[in-house]
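If you want the building blocks of each chain, they are given just below.
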Amino acid sequence: MRKTTVHLVQIAVLVIVVGLWQYLASRSETLFLAIGTPWSVKNHGVIVPGVAQWLASWATNGPVPHGQGWPDLFVTLKEATYGYFLGVSTGILLGASLGSSLLIRKFAAPFIAIANAFPKIALAPMFILIFGSSLSMKAYFVAAGTFFITFYAVFGGIRTVDPVYLRSGKILGASRVWLIREIYIPSIFGWVVSGLRLTAAWALTSAVIVEFLAANSGMGYVVNFGQQSGDLAQCWGGLFIISLVALIVDRSLYHLSKHFSAWRLK
Amino acid sequence: MINHHVVRRTVLVASQIGITVLFIFLWQYGANHHVINTFFFSKPSAIWSYLKLWSSSNQPRSISTGTTLWQDLWSTVFVFGFGYLIGTALGIISGIFIGTVRIVREITEPFIVFCNAVPRLILLPVLVVIFGFGYLPQVILVILVIYFIVTITIAEAIQETPRNLLENAKILGANKINLVREIYFPSLIIWILSTSRLMVGLSLQAAVAAEFIGAEKGLGFRITDGQSRFRADEMFAAFVVVLVLALLVDMVLTVVEKRATRWMPPQS
């Protein structure tokens, strides 16, 4: 009973917000130009498509100003996925190999702290300058961010490995390979899995941001073109699609990480 | 007698400084001898002279669009600071509201989960259309980036407040305001501090990204300006300033954290 009421209120809130948006924007010219409308309206005798019409046109590969429909989404996903796997794999490898040595860890600590404080998004223009406006440039930029987040998580995670286990393992005659397989990997696994979720969101964000700056395809380009031509339906529609993808990725990784950490003691 | 610990520490710091100096030297040397392409990577001496020109008030038109380093720095710090403060304040208010009132929590939950999963940085073009150019869309972007995370953190903190503390206080006659002031608030401080490093990092990131599109000053604008005019020295000079800013903010945070948690028992 309570649950149904909550759901009904949620739907009502959504309907009221969208309805208010449509009503206010179709009444005021300034507001219409600033925020667009969810459904198409007649403006100065011309029917201007709303977000819903734009989405429908996009999904059916219909005409989208300077966009291609689904291929744009695939371009963005390609950049994000390539960069993600490149960044995550190098991050785990380097983080684990450098982090397991106490000497390197002490030596590198200030440099890593500095690199961690630096906002990685600021590097986007440098990647554009060096690699030009190409798909591989975007994948490299995505990889740079995901690499650092993963590297930092693994590098820091290794420090939390219980030294008692390490000492016991060594006393019992474990070789370095054994220590890595039986103690290090299970200990940092949790860090890696939670890092995967964080980096997935970052991969998508950074791919879209770098598409804002230099691209001729991809969802970021579509949204940016909407901004430059004042086409609010295109802006909202593009953002909606990216958000939906981000939500799906985030939720599935969340359930995956729960599945993999089920054996852990709370 | 020689203290081995001190010796080790000195060697470590000396080697860290040494490798930094060596890196800068090799960069300069390689650039001078055409091993490193200065078109892409500039060189330390060029970056330094750009920084000097940029920070002076009578700079030649060729290097900039008229703003000095201090104006650009102030612009970014303003967006970052205001966005962080307002975002945190709003997040705390709604977090307390959501955390204490159960029905509100249940209704808003899917919306907050959705908003938190959405990459907010990409909202920038829409904000520019809605709010025009200038500080307003930039500050709002920073607020949006941190608001939902603060809200979720605070709501969780409130729900995880020790039950027996609350019940004891209630038995002793505490009302809702007393509870908030004496129990919720001190435990919130810990949560806010523990997430402040993350929030500050996200805010700075958002402030720099906000200046990529539709800005006419700021450090983020400098970086894109350097890229679009193929001036690697301008870009790297802006990187240096961003880095110094990030480190300063980090240092301030460390001091604040130490001060604010002085009353707490040391953690094992």
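These figures come from a predicted structure and were not determined experimentally.

Caption draft 1: Spotlight on the overall build of chain A. In terms of helices and strands, chain A carries 11 helices and two strands. Taking 266 residues into account, the globule formula puts the C-alpha radius of gyration at 18 Å, and chain A, at 24 Å, lies well above it. Principal-axis analysis of the C-alpha atoms places the extent of chain A at approximately 85 × 60 × 30 Å. Across the 266 residues that make up chain A, the buried fraction comes to 37%. Put simply, of all contacts in chain A between residues at least 6 apart along the chain, 68% involve residues at least 24 apart.

Caption draft 2: Layout of the overall build of chain B. When helices and strands are counted, chain B shows 11 helices and zero strands. Tracing chain B from N to C terminus, the helices and strands come up as α-α-α-α-α-α-α-α-α-α-α. On C-alpha atoms alone, chain B measures out to a radius of gyration of 24 Å, which is more than a quarter above the 18 Å that the 2.2 N^0.38 rule sets for 268 residues. Its C-alpha atoms put chain B at 75 × 70 × 30 Å along the principal axes. The buried share among the 268 residues of chain B stands at 37%.

Caption draft 3: Up close: the interface of chain A and chain B. Taken together, the contact pairs 39 residues of chain A with 38 residues of chain B. Sorting the residues of the side of chain A that touches chain B by element identifies helix H1 (2-27), helix H2 (29-35), helix H5 (102-117), helix H6 (124-131), helix H9 (176-213), helix H10 (219-228) and helix H11 (232-260) of chain A as the ones contributing at least two each. When residues of the side of chain A that touches chain B are assigned to their parent elements, the largest contribution, nine residues, is made by H11 of chain A. Classifying every residue of the side of chain A that touches chain B by side-chain character gives 31 nonpolar, six polar and two charged.

Caption draft 4: Quick look at the domain arrangement of chain B. All names here are of chain B. When the domains of chain B are assigned, the result is domain 1 (4-62) and domain 2 (63-260). For domain 1 and domain 2, the distance between their C-alpha centres works out to 32 Å. For the side of domain 1 that touches domain 2, the leading source of residues is helix H3 (residues 44-55), giving seven residues.

Caption draft 5: A look at the confidence of the model for chain B. Residues and elements named next belong to chain B. Of the residues in chain B, 94% have a pLDDT of 70 or more, and the chain-wide mean is 85. Summarising per-element confidence for chain B, the mean pLDDT is lowest in helix H9 (residues 176-210) (83) and highest in helix H4 (residues 69-100) (91). Interface confidence for the predicted complex, given as ipTM, is 0.85, next to a pTM of 0.87.

Caption draft 6: Geometry of the packing of H3 of chain B against helix H11 (residues 232-260) of chain B. Residue and element names in this part refer to chain B. The interhelical angle for the contact between H3 and H11, taken along N-to-C directions, is 75°, at an axis separation of 9 Å. Relative to H11, H3 is oriented roughly perpendicular. Every residue of H11 that contacts H3 at Ala46, Ile47, Tyr50, Leu51 and Trp54 is listed here: Asp233, Glu234, Phe236, Ala237 and Val240. Among the residues making up the contact of H3 with H11, the classes are represented as eight nonpolar, no polar and two charged.

Caption draft 7: Just unusual backbone geometry, in detail. Residue and element names in this part refer to chain B. Not every positive phi belongs to a glycine, and histidine 34 is a case in point at roughly 60°. You can call histidine 34 exposed: it has 8 C-beta atoms within 10 Å. One non-glycine residue with positive phi stands out, namely serine 42, at about 55°. Mapping serine 42 onto the fold places it in the loop between helix H2 (38-41) and H3. Classification of serine 42 by C-beta neighbours within 10 Å gives buried; the count is 23.

Caption draft 8: Main features of the nonpolar core. Within the largest apolar cluster, 121 residues are counted, with the highest numbers of intra-cluster contacts made by Leu124, Val142, Ile146 and Val242 of chain B. In terms of domain composition, this core takes at least three residues from each of domain 1 (4-62) and domain 2 (63-260) of chain B.

Caption draft 9: Inspection of H9 of chain A at higher detail. With 38 residues, H9 of chain A extends only 46 Å from end C-alpha to end C-alpha; this falls clearly short of the ideal 56 Å at 1.5 Å per step. Helix geometry: H9 of chain A is bent most strongly at isoleucine 185 of chain A, by close to 40°, with proline proline 186 of chain A lying one to four residues after it.

Caption draft 10: View of the packing of H9 of chain B against H11 of chain B. Residue and element names in this part refer to chain B. Running from N to C, H9 and H11 point in directions that differ by 170°, and their axes come no closer than 11 Å. With respect to each other, H9 and H11 are oriented roughly antiparallel. Here H9 contributes Ile189, Leu193, Ser196, Arg197, Val200, Leu204 and Val208 to the contact with H11, which in turn contributes Val242, Ala246, Val249, Leu253, Glu257 and Ala260. Considering only residue class, the contact of H9 with H11 consists of 10 nonpolar, one polar and two charged.

Caption draft 11: A look at the environment of isoleucine 183 of chain B. Residues and elements named next belong to chain B. Structurally, the position occupied by isoleucine 183 is in helix H9. Once the C-alpha coordinates of isoleucine 183 and glutamate 160 are considered, the two residues, 23 residues apart in sequence, prove to be 12 Å apart. Sequence-distant contacts of isoleucine 183, defined by excluding residues within four places in its chain, comprise Thr161, Leu165, Leu166 and Ala169.

Caption draft 12: The arrangement of the environment of asparagine 224 of chain A in detail. Relative to the helices and strands, asparagine 224 of chain A is located in helix H10. We classify asparagine 224 of chain A as buried; it has 24 C-beta atoms within 10 Å. Leave out the neighbours within four places in its chain, and asparagine 224 of chain A touches Phe212 of chain A together with Pro125 of chain B.

Caption draft 13: Examining the environment of tryptophan 191 of chain B more closely. All names here are of chain B. Mapped onto the secondary structure, tryptophan 191 falls in helix H9. Overall, the presence of 18 C-beta atoms within 10 Å leaves tryptophan 191 in the partly exposed class. When the C-alpha positions of tryptophan 191 and isoleucine 154 are compared, they lie 7.2 Å apart, and in sequence the two are 37 residues distant. Filtering out sequence-adjacent residues up to four positions away, tryptophan 191 remains in contact with Thr153, Ile154 and Ala157.

What counts, and where the lines are drawn
- Residues numbered from 1 in each chain as written.
- Chains lettered and ligands numbered in written order.
- Predicted model: local features only at pLDDT ≥ 70, side-chain atom pairs only at ≥ 80, totals over all residues.
- Helix = DSSP H or I, 4+ residues; strand = E, 2+ residues; numbered from the N terminus.
- Rg over C-alpha atoms; globule rule 2.2 N^0.38 Å.
- Buried ≥ 20, exposed ≤ 12 C-beta atoms within 10 Å, placed from the backbone.
- Contact = placed C-beta atoms within 7 Å.
- Nonpolar A, V, L, I, M, F, W, Y, C, P; charged D, E, K, R; others polar.
- Domains from an automatic or database assignment.
- pLDDT = per-residue confidence, 0-100.
- Axes fitted to C-alpha atoms, helices over the stretch in contact; angles between N-to-C directions.
- Parallel < 35°, antiparallel > 145°, perpendicular 65-115°, else oblique.
- Core = buried A, V, L, I, M, F, W, Y, C linked by C-beta atoms within 7 Å.
- Expected span 1.5 Å × (residues − 1).
- Bend = angle between axes of the 7 residues up to and from the residue.

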